[in-house]
Amino acid sequence: MEPATYSLPKLPYAYNALEPAISAQIMELHHSKHHQTYITNLNNALKTLFTAAKDNDVPTQIQLQPAIRFNGGGHINHSLFWLNLAPHGSPETSFSAAPKLGEAIKKTYGDEESFKKKFNAALLGIQGSGWGWLVKFENEGGRLGIVTTKDQDPVVGAGEVPVFGVDMWEHAYYLQYLNGKAAYVENIWQVINWATAEQRFNGPREDAFSALKASM
Amino acid sequence: MSTTLLRTSTARSALRAASSQNSKRVGLAGVAFARGKATLPDLPYDYGALEPAISGKIMELHHDKHHRTYVNSYNQAEEKLAEAEQKEDIPSKIALLPLINFHGGGHTNHTLFWENLAPKGSGGGEPPTGGLSKAIDTSYGSLDAFKEKFNTALAGIQGSGWAWLVQDTQTGSISIKTYANQDAVVGQFRPILGIDAWEHAYYLQYQNRKAEYFKAVWDVVNWKAAEKRFK
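Residues numbered from 1 in each chain as written. Chains lettered and ligands numbered in written order. Predicted model: local features only at pLDDT ≥ 70, side-chain atom pairs only at ≥ 80, totals over all residues. Heavy atoms only, no water.

### Focus on the overall build of chain B
Rules: Comment: elements are numbered from the N terminus, with helices defined as DSSP H or I runs of at least four residues and strands as E runs of at least two. Partly exposed residues are those whose accessible area sits between 20% and 50% of the maximum for their type, while under 20% is buried and over 50% is exposed, using a 1.4 Å probe and protein chains only. The contact criterion used throughout is that any non-hydrogen atoms of two residues lie within 4.5 Å. What sets the accessible areas is the Shrake-Rupley method with a 1.4 Å probe; for residues, cover comes only from the shown protein chains.
Assigned secondary structure in chain B consists of nine helices and three strands. In chain B, which comprises 231 residues, the share counted as buried stands at 51%. Long-range contacts, defined as pairs at least 24 residues apart, comprise 67% of the intrachain contacts of chain B with a sequence gap of at least 6. As presented, chain B carries roughly 10900 Å² of accessible surface, and 53% of it is formed by carbon and sulfur atoms.

Set out below in structure tokens:
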């Protein structure tokens, strides 16, 4: 038996489909280079882990954890991110494409605008590389919360459903926005896929990660 | 270091007079001088002077935008901290500490970084001499072997951060350490030489090929500045 190897999932839209919110050049580098590197390094780490487990080599298995967390997290985060974005101007980018989630957001944050404001403030407060997520907590009555994670830490805690995420690594916006990350977090809302967000919100935790299984 | 980071206007003019042979100065526009406030330091070279290792556009954004933001945000946090101190508001003080750490670290790190870079022809890339050179040979075998280890450390940073050649203040020995985000080299270790591994430090020129940036940056490392920090 060999460990599973992961491969780069296809984007469900063209590299230029998110323009002008995110440029085609960013999307191409981000998907074909950055995401690919996380997958390559994840596969390498898993292969080494597999051997170490076979050899009952516990120190090596522990030593590999940061690489698995980082590169596995990078693969999970980007796979979820591509799917929770949609072409500029498509019906999925309308807040009304998420009726039940929309209700929950209004109940929790007052209205769409104040939710976005809070989400953007969280994104801009990240010190260094990281992500911002809207998370549903299955084990706490399905409450919503805005969560920021550092580097490539994924949202994988028990009962945590990542509804949608925004990449705040500089490589996600720098070629287009330079140091103006406030404009990036303003514009990202033009391409949030509310239909995907609604599906993840309504479904169980494992459904959110189904895209990963498909790319094995 | 505190004199570099917290300059009064008097100290600044003295410093500028001392380096008046550098005719083309950059930066500074719009920085208000207030006693005790952190200010954006001048670069001791032109934005384009580190090309082709680091492009002029990167240097300009990095110094004039990114570093300036750390300076301004640090001063804002400092002001709030002083207010909280006056009110003896301990929770507010604690809440402000991450901002002081991040923006103060960003200011410290970049100030040291600009100093430990230099254009080729003005010392950039010229190998270290004296005690530092000896310490590198003792610890790493050779300068090239040291650079290789340093670049491996840079490449291994998961997220934003810095790699530093540091000196242990207790033992005097040198080592390579990486720091997350804008965490500064303070406490037990003394910063000798730092390289910025944030994506904004190289992305416009190198994109995802960061190994090329780590390789090229040694052409503009100012070992003279590093030697002055080494004790």
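### Side note on the overall build of chain A
We count it as follows: For this measure, only C-alpha atoms enter the radius of gyration; the expected value for a globule follows 2.2 Å times N^0.38, where N is the number of residues. Positive: Lys, Arg. Negative: Asp, Glu. His and the chain ends are not part of the count. For charged residues, the charge sits on one atom: NZ in Lys, CZ in Arg, CG in Asp, CD in Glu.
Helices and strands together make up the secondary structure of chain A, namely ten helices and three strands. Here the C-alpha atoms of chain A give a radius of gyration of 18 Å, agreeing with the 17 Å that 2.2 N^0.38 yields for 216 residues. With respect to the three principal axes, the spread of C-alpha positions in chain A is 55 × 40 × 30 Å. Considering chain A as a whole, with its 216 residues, one finds that 52% of them fall into the buried category. For chain A, long-range pairs separated by at least 24 residues make up 72% of all intrachain contacts whose partners lie at least 6 apart in sequence. With the model as given, the accessible surface of chain A reaches about 9600 Å², and the carbon-plus-sulfur share is 54%. Within chain A, the 21 negative side-chain charges are centred at a point lying 2 Å from the centre of the 18 positive side-chain charges.

### Details of the sheet that holds strand 2 (residues 143-150) of chain A
Residue and element names in this part refer to chain A. Using the following cut-off: Should DSSP find at least two bridges between two strands, the strands are regarded as paired. Axes here refer to lines fitted to C-alpha atoms; in helices the fit is confined to the stretch in contact. Angles between the N-to-C directions go from 0 to 180 degrees.
The strand order 2-1-3 describes an open sheet built from three strands, whose pairing is antiparallel. Since the sheet does not close on itself, it has two edges, and those belong to strand 2 and strand 3 (160-167), each with one partner. Neighbouring strand axes in the sheet, compared pairwise and without regard to direction, differ in orientation by 25° on average.

### Focus: the UniProt feature "domain: Manganese/iron superoxide dismutase N-terminal" (unreviewed entry) in chain A
Put simply, the test is: UniProt positions are given in the numbering used here, feature names are shortened, and annotations may be inferred rather than shown by experiment.
The feature "domain: Manganese/iron superoxide dismutase N-terminal" (unreviewed entry), as annotated in UniProt, sits at residues 5-85 of chain A in this numbering. Counted over residues 5-85 of chain A, helix gives 69% and strand 0%. Its end C-alpha atoms are 25 Å apart.

### Concerning the domain arrangement of chain B
It is common to report an interface's size as the accessible area lost on association of the parts. All names here are of chain B. What counts is decided by this rule: Domain start and end points were adopted from an automatic or database domain assignment. A quick way to say it: buried area is the sum, across both parts, of accessible area lost when two parts are put together, with a 1.4 Å probe. In what follows, salt bridge is the name for a side-chain nitrogen of Lys or Arg lying within 4 Å of a carboxyl oxygen of Asp or Glu. Two N or O atoms count as a polar contact when they lie within 3.5 Å, although within protein this holds only if one can serve as hydrogen donor and the other as acceptor, and sequence-adjacent residues are included solely when both atoms are side-chain atoms.
Domain assignment breaks chain B into domain 1 (2-115) and domain 2 (130-229). Taking both sides of the interface into account, the surface hidden between domain 1 and domain 2 amounts to around 1800 Å²; carbon and sulfur atoms contribute 63%. Inspection of the region where domain 1 meets domain 2 yields one salt bridge. Applying the counting criterion to the domain 1 and domain 2 interface returns 13 residue pairs in polar contact (both at pLDDT 80 or more). Contributing elements (two or more residues each) for the side of domain 1 that touches domain 2: helix 3 (56-86) and helix 4 (90-115).

### So, the UniProt feature "domain: Manganese/iron superoxide dismutase N-terminal" (unreviewed entry) in chain B
Taken from the UniProt record, the annotation "domain: Manganese/iron superoxide dismutase N-terminal" (unreviewed entry) applies to residues 39-118 of chain B. Helix makes up 71% of residues 39-118 of chain B and strand 0%, whereas the separation of the span's terminal C-alpha atoms amounts to 21 Å.

### With respect to the UniProt feature "domain: Manganese/iron superoxide dismutase C-terminal" (unreviewed entry) in chain B
The UniProt entry lists residues 128-229 of chain B under the feature "domain: Manganese/iron superoxide dismutase C-terminal" (unreviewed entry), expressed in the numbering used here. From the first C-alpha to the last, residues 128-229 of chain B spans 12 Å; its make-up is 41% helix and 23% strand.

### A closer look at the pairing of strand 3 (residues 189-196) of chain B
Remark: a regular strand shows side chains that alternate across the two faces of the sheet. Residues and elements named next belong to chain B. Among the eight residues in strand 3, seven count as buried, and that is most of the element. As judged from the seven bridges shared by strand 1 (residues 161-168) and strand 3, these two strands associate in the antiparallel manner. Each bridged residue has a counterpart across the sheet, and for W164 the counterpart in strand 3 is G194.

### Focus: the interface of chain A and chain B
Selection criterion: Each residue is assigned to one of three groups, with Ala, Val, Leu, Ile, Met, Phe, Trp, Tyr, Cys and Pro labelled nonpolar, Asp, Glu, Lys and Arg labelled charged, and all others, Gly among them, labelled polar.
Contacts between the two partners involve 17 residues from chain A, matched on the other side by 18 residues from chain B. Summing both partners gives a buried area of about 1800 Å² for chain A against chain B, and 55% of it is carried by carbon and sulfur. Counting the surface chain A buries against chain B, the share from its top three residues, Q127, E170 and Y174 of chain A, is 35%. At the surface where chain A touches chain B, the tally comes to nine residue pairs in polar contact (both at pLDDT 80 or more). If you list the elements that add at least two residues to the side of chain A that touches chain B, you get helix 1 (24-54), helix 3 (65-83) and helix 6 (174-177) of chain A. Residue composition of the side of chain A that touches chain B, grouped by class: eight nonpolar, six polar and three charged.

### Comments concerning helix 5 (residues 112-124) of chain A
All names here are of chain A. This is how the line gets drawn: For a helix, the expected span equals 1.5 Å multiplied by the number of residues minus one. In this description, the arc belongs to the directions extending from the helix axis to the C-beta atoms.
In this model, helix 5 (13 residues) spans 18 Å end to end at C-alpha, consistent with the 18 Å of a helix rising 1.5 Å per residue. Of all the positions in helix 5, only F115, K116, F119, N120 and L123 are classed as buried. Taken down its axis, helix 5 places every buried residue within 130° of arc, on the same side. The outward face of helix 5, more than 90 degrees from its buried face, is lined by the exposed residues E113 and K117. Buried residues in helix 5 make contact with helix 4 (99-109), strand 1 (130-137), strand 2, strand 3, helix 7 (181-187) and helix 8 (194-202). In this structure D111 caps helix 5, since a side-chain oxygen of it lies 3.1 Å from the backbone nitrogen of E113.

### Comments concerning the nonpolar core
Here is the rule we go by: Here, nonpolar core means buried Ala, Val, Leu, Ile, Met, Phe, Trp, Tyr and Cys residues that are tied together by side-chain atoms lying within 4.5 Å of each other.
Among the nonpolar cores identified, the biggest contains 107 residues, and W194 of chain A together with W223 of chain B are the most heavily contacted of them. Both domains that meet at this core, namely domain 1 (2-115) and domain 2 (130-229) of chain B, each give it at least three residues. What W194 of chain A contacts, discounting residues up to four positions off in sequence, is E92, T93, S94, F95, A97, A98, L101, I105, F115, K116, F164 and W189 of chain A.

### Examining the UniProt feature "domain: Manganese/iron superoxide dismutase C-terminal" (unreviewed entry) in chain A
Per the UniProt entry, the sites bearing "domain: Manganese/iron superoxide dismutase C-terminal" (unreviewed entry) are residues 100-200 of chain A in this numbering. Along residues 100-200 of chain A, the helical share is 41% and the strand share 24%, with 11 Å between the first and last C-alpha atoms.

### Quick look at the packing of aromatic side chains
The geometry of an aromatic ring pair is captured by the separation of the ring centres together with the interplanar angle, meaning the angle of the planes. Threshold: Here the aromatic set is Phe, Tyr and Trp, taking the six-membered ring for Trp, and pairing holds for ring centres within 6.5 Å; pairs whose planes are under 30 degrees apart are stacked, those over 60 apart are edge-to-face, and all others are tilted.
A full pass over the atoms with the stated rule returns 34 aromatic pairs over all chains. Ring centres 5.6 Å apart and planes at 20° place the aromatic pair W131 of chain A and W133 of chain A in the stacked group. Relative to Y213 of chain B, the ring of Y202 of chain B has its centre 5.2 Å away and its plane inclined at 25°; by these criteria the two rings are stacked. One end of the pair, Y202 of chain B, is in the loop between strand 3 and helix 7 (203-206); the other, Y213 of chain B, is in helix 8 (residues 210-216), with eleven residues separating them in the sequence.

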